[in-house]
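# Analysis of the macromolecular model
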Amino acid sequence: MEDHLLSDDSLEESGDERVAENAVQKRRKSSGKMPVKRRSVQPSEIQLKARGMPVEEVANMVKDDTFVLRAESFGSRKGAPFWDTMRRVVDKESEDRLDFVCCSRCKQVWKHDRTVNTDALHRHVSKCGVKANQPKITGYLKSHKLPLAAKQEKSRVCARYCAVDGRNFEEVVGTGFRALIDTVIDVTMKYSHAGKPTARDMLPDPTSVSQYVGKEAKAIRESLLEEVKPILRLRGGGITLDFWEEEYTKVSYLGCTVPYMFGGSELRERLLFCSECDTVDRKTGAAVQKFIFSKLREIGLCEEDLKLCSFVTDQGGNMKVAFRNSGFERINCAGHLLNTCSQNFLKSNPKSQHPMPAEALPVLALVNQVKSLVTHCKQGGISRQLKTTLKQHCETRWNTHVEMFASVLAVYEQLEDILAERKESHLLPSRQKMQEFHDLFEPVRDATFLLSVSKRPTIHLVVPAYLELKRHFKDQVPSDFPEIRAFQKHVENIFNKELQIDELHRVAVFLDPSMKHLQFLTATERVAVLKRAMEEVQKIPQPEKTGAPIVEVASRGSTKFNVKALAKYSADNPIGNEVERYASLPSPPEDQDVLSFWTEKENDFPRLKCYALRILSVSATSTPSERLFSRSGTAVSEKRKNLAPQTLSDLMVVQSNFEFENV
């Protein structure tokens, strides 16, 4: 877009002309139109300041009326179509135009200057217009109660769809399928004057759908980068990485997700990329490091953008070496670490790092017996007679041995009757031994679930979870079976050796107000945590003070300053005192949400809050990247195993970010 500029050198006017122009500008301003103001080549101070603001900060200033919206004016020229909906963000006091625009419908703010591509604005206006103006199927059904015959017809057609096209029944309630139906109804109602369309008219060719997957993924990456990049540069966040292999094609991929704090109170998790990496030598850390950062630069994130970020990976040697001298902080995925411990429990090879003692070997035989029982039930048709499904152990999935024992215990009485009738009772292990094994490992599964959630902070829970697990294996009531007692001691030793706590985990616990006293740490460790917190808070720039002192009007008409109001401008308190004052606060209720606490204390601890949000946005596990492995199962099947790696990557990007692109 080219701005309509007027300069003193290119325009000469008489006094009458200036009066006339001023009258025109007043009329435009009163009608809500953006007046054409004289601008110099040099931007004003507020314009320069606004250029460095993240989009979310500008949106907040629009909400509190610091910035206002004005319709863009182009004089005699006609502006782009999106200007019918978009409004220019303007400083309320100076009337300076800023490099941001805002949707008049949904109030979403966008960066907009000469360097920004306007395709995203066109797409948003198109989608926002449909959502704002076009009726949805849900609203139609609420206002028009369908008769029973119509509902039966819908169910019949859905049944045919699932049967003829080989789709599972859950697809008819899927988010993507409902969006398709909504769009078809919207388009039909909007263009009803064209007559009644057929399905062939409404639905595109499969080739077109395939091509649009790539276009949609590209658009999502662009909008995602526009949202994430300023947040990562200003506040930082977490990056989770994990390698995984697609089941059908055996192609290796690297999944990369970013959890970050949006708006200061909402933790979001987005997929940055899912890239094929078969050509990478994954055994060398240098090659892995080069590949990771080249892919991040490819999507528009350079090392400077990520300097405040912490990376979460498994404890593989290649990942450790890749970040050893990278200048970035890396922490172990808590989920991988717990799963590694669980796998080490059952290793009987004397050459392994933690071989199982001889007196505990009967426990390994118990696990193998339960595995054989589940396999026998599935192959022999016994599973169909049970009220719940038996779960099989899977090496690539976490805690499935606990799920396997739980599923057998849930139907133990049924299995007793069925196996006795088949004269196979010898296949069923001791119920008491199975229950004790399950009770011993159930907390590990629960801790993994707790640390793998994605809608709230989890990094501050790693240390208490580790300590609670160690306490559990130490204090668990001794079993009546000597092999179980020996196995429990074996597990306790492995946990004590393997569950190493990173420094970032300790700092995260300090930033949880209910655990900030760090009583579980030694005095030296507590000092180290406070020292790091103070050093990091010192690096955060002091927020600029805005506004003027409050002025009181005396009864006689004279004015005087409110001395108490001036106290907020005092600089007597060093930055580090925020940490000290926070540490001295009484503990809040245990059930208070950690994010709500920092929202309430924003004015008391502005710098410490910024640091807290940075740390708390780091994920405790790399589970977000792990989920790609499961999602790929819906994208690749026996019928679609020849899918190109780039197409699979695009499908993952669209699927993972769908909820954020359609809010």
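See the structure printed just above.
Reference entry: report on the structure contained in this document.

What counts as what
Residues numbered from 1 in each chain as written. Predicted model: local features only at pLDDT ≥ 70, side-chain atom pairs only at ≥ 80, totals over all residues. Heavy atoms only, no water. Helix = DSSP H or I, 4+ residues; strand = E, 2+ residues; numbered from the N terminus. Buried < 20%, exposed > 50% of the residue type's maximum accessible area, 1.4 Å probe, protein only. Contact = heavy atoms within 4.5 Å. Expected span 1.5 Å × (residues − 1). Polar contact = N/O pair within 3.5 Å; in protein donor to acceptor, adjacent residues only side chain to side chain. 1 Å grid on protein atoms, 1.4 Å probe; cavity = no way out; pocket = protein on both sides within 12 Å on 5 of 7 lines; lining within 4 Å. Points joined across faces, edges and corners; volume = space filled by probe spheres on them. Nonpolar A, V, L, I, M, F, W, Y, C, P; charged D, E, K, R; others polar. Domains from an automatic or database assignment. Pairing = 2+ DSSP bridges. Axes fitted to C-alpha atoms, helices over the stretch in contact; angles between N-to-C directions. Salt bridge = Lys/Arg side-chain N within 4 Å of Asp/Glu carboxyl O. Disulfide = S-S within 2.5 Å. Core = buried A, V, L, I, M, F, W, Y, C linked by side-chain atoms within 4.5 Å. Patch = residues over 30% accessible without salt bridge, like charges linked within 9 Å, V, L, I, M, F, W, Y side chains within 5 Å. Areas by Shrake-Rupley, 256 points an atom, 1.4 Å probe, with all protein chains shown as cover. Left-handed = near helix turned anticlockwise from the far one by under 90°. Lys, Arg positive; Asp, Glu negative; His and termini not counted. Charge placed at Lys NZ, Arg CZ, Asp CG, Glu CD. Parallel < 35°, antiparallel > 145°, perpendicular 65-115°, else oblique.

### Remarks on the overall build of the protein
- Helix and strand counts for the protein come out as 26 helices and eleven strands.
- Here the protein holds 663 residues, and the buried ones make up 41% of them.
- The contacts in the protein between residues at least 6 apart in sequence include a share of 64% that link residues at least 24 apart.

### Digging into helix 9 (residues 206-234)
- If you check helix 9, its first and last C-alpha atoms are 43 Å apart, about what 29 residues at 1.5 Å a residue would give, namely 42 Å.
- Among the residues of helix 9, Val-213, Ala-217, Ala-219, Ile-220, Ser-223, Leu-224, Val-228, Ile-231 and Leu-232 are the ones counted as buried.
- Measuring from the side-chain oxygen of the N-cap residue of helix 9 to the backbone nitrogen of Thr-207 gives 2.9 Å; that N-cap residue is Asp-205.

### Description of empty space enclosed by the protein
- Applying the stated criterion across every chain, the model contains two cavities of 30 Å³ or more.
- In this structure, the second largest cavity is lined by Pro-259, Leu-267, Glu-269, Val-453, Ser-454, Arg-456, Thr-458, Ser-617, Ser-619 and Pro-624.
- Residue classes in the lining of the second largest cavity are distributed as four nonpolar, four polar and two charged.
- In this structure, the lining of the second largest cavity is formed jointly by two domains, domain 3 (212-333 + 637-657) and domain 4 (340-501), each of which donates at least three residues.

### Observations concerning the pairing of strand 2 (residues 86-91)
- Summarising burial for strand 2: five of the six residues are buried, a large majority.
- The pairing of strand 1 (residues 67-70) with strand 2 spans four bridges and is antiparallel. Looking at strand 2, one finds that Val-68 is bridged to Val-90.
- When strand 2 meets strand 3 (residues 97-103), the two strands line up antiparallel, connected through four bridges. The partner of Arg-87 across the bridge, within strand 3, is Cys-102.
- Hairpin remark: strand 2 followed by strand 3, antiparallel, with five residues in the connecting loop; positive phi at Glu-95, about 65°.

### Thoughts on the sheet that holds strand 6 (residues 252-262)
- One open sheet holds the five strands; their spatial order is 7-6-5-8-9, and the pairing between them is mixed. Looking along the sheet, the strands with just one partner apiece sit at the ends: strand 7 (266-276) and strand 9 (329-332). Going from strand to strand, the sheet's axes swing by 25° on average, the running direction of each strand aside.
- As paired elements, strand 8 (residues 309-313) and strand 9 share four bridges and run parallel to each other. Within strand 9, the residue paired with Val-312 across the bridge is Ile-331.

### Here's the deal with the pattern of salt bridges
- Under the defined criterion, the tally for this structure stands at 32 salt bridges.
- One connected set of salt bridges, linked through shared partners, spans Glu-227, Glu-266, Arg-268 and Arg-270.

### Some details on the state of the cysteines
- Per the counting criterion, the structure on display carries zero disulfides.
- Cys-103 supplies the cysteine sulfur nearest to Cys-102, a cysteine that is in no disulfide, at a spacing of 6.8 Å.
- With relative accessibility at 0%, the residue Cys-102 sits in the buried group.
- Note on Cys-274: no disulfide assigned, nearest cysteine sulfur contributed by Cys-277 at a separation of 8.9 Å.

### Here's the deal with the nonpolar core
- Of all hydrophobic cores here, the largest spans 51 residues; its most connected members are Leu-338, Leu-415, Phe-441, Phe-487 and Phe-495.
- Per-element tally for this core: the top contributor is helix 13 (residues 361-379), with eight residues.
- If sequence neighbours within four positions are ignored, Leu-415 has contacts with Leu-373, Cys-377, Ile-382, Leu-386, Val-408, Ala-420 and Leu-428.
- If you look at the next biggest cluster of nonpolar residues, it comprises 33 residues, including Ile-331, Cys-333, Ala-508 and Leu-608.

### As for the sheet that holds strand 4 (residues 109-111)
- If you walk across this open sheet you meet the four strands as 1-2-3-4, and the pairing is antiparallel. Looking along the sheet, the strands with just one partner apiece sit at the ends: strand 1 and strand 4. Direction aside, the axes of adjacent strands within the sheet are offset by 40° on average.
- Sitting on the sheet, helix 3 (residues 55-63) is in contact with strand 1, strand 2, strand 3 and strand 4, with an inclination near 135° to strand 4.

### Quick look at a nonpolar patch on the surface
- On the surface, Leu-180, Ile-181 and Leu-203 cluster together to form a nonpolar patch covering roughly 240 Å² of accessible area.
- Within the secondary structure, Ile-181 sits in helix 7 (residues 175-190).
- Here Ile-181 falls in the partly exposed class, since its relative accessible area comes to 34%.

### A closer look at unusual backbone geometry
- Phi at Asp-65 takes a positive value of approximately 70°, unusual for a residue other than glycine.
- Summarising the element assignment, Asp-65 is placed in the loop between helix 3 and strand 1.
- Since its relative accessible area comes to 38%, Asp-65 is described here as partly exposed.
- Not every positive phi belongs to a glycine, and Leu-518 is a case in point at roughly 55°.
- Here Leu-518 shows up in the loop between helix 19 (503-510) and helix 20 (523-539).
- Taking the relative accessible area as the measure of exposure, Leu-518 reaches 2% and is therefore buried.

### Things to note about the packing of helix 12 (residues 334-345) against helix 18 (residues 482-498)
- Packing of helix 12 against helix 18 leaves a shortest axis separation of 10 Å and a crossing angle of 145°. The chirality of how helix 12 crosses helix 18 is right-handed. Residues Leu-337, Leu-338, Cys-341, Asn-344 and Phe-345 of helix 12 touch helix 18, and the partners they reach there are Phe-487, His-490, Val-491, Ile-494, Phe-495 and Glu-498.
- A breakdown of the residues in the contact of helix 12 with helix 18 according to their chemical character gives eight nonpolar, two polar and one charged.

### Notes on a negative patch on the surface
- Together, Glu-413, Glu-416, Asp-417 and Glu-421 make up a negatively charged patch on the protein surface.
- With respect to the element layout, Glu-421 can be found in helix 15 (residues 412-421).
- Judged by relative accessible area, which is 69%, Glu-421 ranks as exposed.

### Examining the packing of helix 20 against helix 24 (residues 606-616)
- Remark: helix 20 packs on helix 24, axes separated minimally by 9 Å, with the N-to-C direction vectors making an angle of 110°. Classified by the angle their axes make, helix 20 and helix 24 are roughly perpendicular. Classified by chirality, the crossing of helix 24 by helix 20 is right-handed. Contacts between helix 20 and helix 24 involve Arg-532, Ala-533, Glu-536 and Val-537 from the first element and Arg-607, Leu-608, Tyr-611 and Arg-614 from the second.
- Broken down by class, the residue content of the contact of helix 20 with helix 24 amounts to four nonpolar, no polar and four charged.

### Section: the pairing of strand 6
- In terms of burial, strand 6 is a largely internal element, ten of the eleven residues being buried.
- Bridge analysis of strand 5 (residues 237-245) against strand 6 gives six bridges, and the strand direction is antiparallel. What sits directly across from Glu-245, in strand 6, is Ser-252.
- In textbook terms, the turn of a hairpin is the stretch between consecutive antiparallel strands, and for strand 5 and strand 6 this stretch comprises six residues, one of which, Lys-250, has a positive phi near 60°.
- Across ten bridges, strand 6 lies against strand 7 in antiparallel orientation. Within the sheet, the bridge partner assigned to Val-258 lies in strand 7 and is Arg-270.
- Count of turn residues in the strand 6/strand 7 antiparallel hairpin: three residues, of which Gly-263 carries a positive phi of about 70°.

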